[in-house]
Amino acid sequence: MEEKNYYLERAGIYRDGAQNAIELAAAGNLYTATLIFTSIKKASASELKKNTTNKAYHELLLKISASVEDKQELLNELGNIRQSCRNFIATFNKG
């Protein structure tokens, strides 16, 4: 149960970070949005180095880490991260 809570909490943190970055980018603060995006990618890459026992969470981390750091695509990438996290949370809560 504790492990499940960890995965849900981490996915929620990534989702909230992506949402925050989307709002900042939409308000014209691309620098801070890019910093948040980079932080999300680094955190997910660090977690991938750990031995993650949950396949669905591992797939989520792979999707986040595969995001391209391109300022023109920043909003799309953040939207993809946010949606992937939402899907993970919804699916994980069912199981």
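This structure is a prediction, so every number in the text was calculated from the model and none was measured.

Participant: Sorry if this is basic, but what is going on with the packing of aromatic side chains here?
Facilitator: Counted under the stated rule, the structure contains six aromatic pairs. Where tyrosine 7 meets tyrosine 57, the ring centres are 4.7 Å apart and the plane angle is 35°; that geometry is what we call tilted. With a gap of 50 residues between them, tyrosine 7 in helix α1 (residues 2-26) and tyrosine 57 in helix α3 (residues 55-65) connect regions that are remote in the sequence. Exposure class is identical for tyrosine 7 and tyrosine 57. Each is buried. Summarising the aromatic geometry, the rings of tyrosine 7 and phenylalanine 92 are spaced 6.0 Å apart at their centres and angled 85° between planes, so their arrangement reads as edge-to-face. Of the two residues, tyrosine 7 is situated in helix α1 and phenylalanine 92 in helix α4 (residues 74-94); the sequence distance between them amounts to 85 residues.

Participant: Quick question: what am I supposed to make of the side chain of glutamate 47 here?
Facilitator: Positionally, glutamate 47 belongs in helix α2 (residues 30-49). For glutamate 47, a relative accessible area of 5% translates into the label buried. At a separation of 2.7 Å, a polar atom in the side chain of glutamate 47 contacts the side chain of tyrosine 6. Discounting chain neighbours no more than four positions away, the residues touching glutamate 47 are Tyr6, Arg10, Tyr14, Thr52, Tyr57 and Leu61.

Participant: How should I be thinking about the pattern of salt bridges in this particular structure?
Facilitator: As a working rule, side chains carrying opposite charge can pair if their charged atoms are close by. Counted according to the given criterion, the structure contains two salt bridges. Among the ionic pairs, arginine 10 bridges to glutamate 47, the shortest N-O distance being 3.3 Å. You can see arginine 10 sitting in helix α1 and its partner glutamate 47 sitting in helix α2, a full 37 residues away along the chain. For aspartate 16, the salt bridge goes to arginine 15, with nearest N and O atoms at 3.0 Å.

Participant: Explain the environment of glutamine 83 here, please?
Facilitator: Examined against the element boundaries, glutamine 83 turns out to sit in helix α4. Overall, the relative accessible area of 38% leaves glutamine 83 in the partly exposed class. C-alpha of glutamine 83 to C-alpha of alanine 18: the two residues are 65 residues apart in sequence and 9.4 Å apart in space.

The rules behind the values
- Residues numbered from 1 in each chain as written.
- Predicted model: local features only at pLDDT ≥ 70, side-chain atom pairs only at ≥ 80, totals over all residues.
- Heavy atoms only, no water.
- Phe/Tyr/Trp six-rings, centres within 6.5 Å; stacked < 30°, edge-to-face > 60°.
- Helix = DSSP H or I, 4+ residues; strand = E, 2+ residues; numbered from the N terminus.
- Buried < 20%, exposed > 50% of the residue type's maximum accessible area, 1.4 Å probe, protein only.
- Polar contact = N/O pair within 3.5 Å; in protein donor to acceptor, adjacent residues only side chain to side chain.
- Contact = heavy atoms within 4.5 Å.
- Salt bridge = Lys/Arg side-chain N within 4 Å of Asp/Glu carboxyl O.

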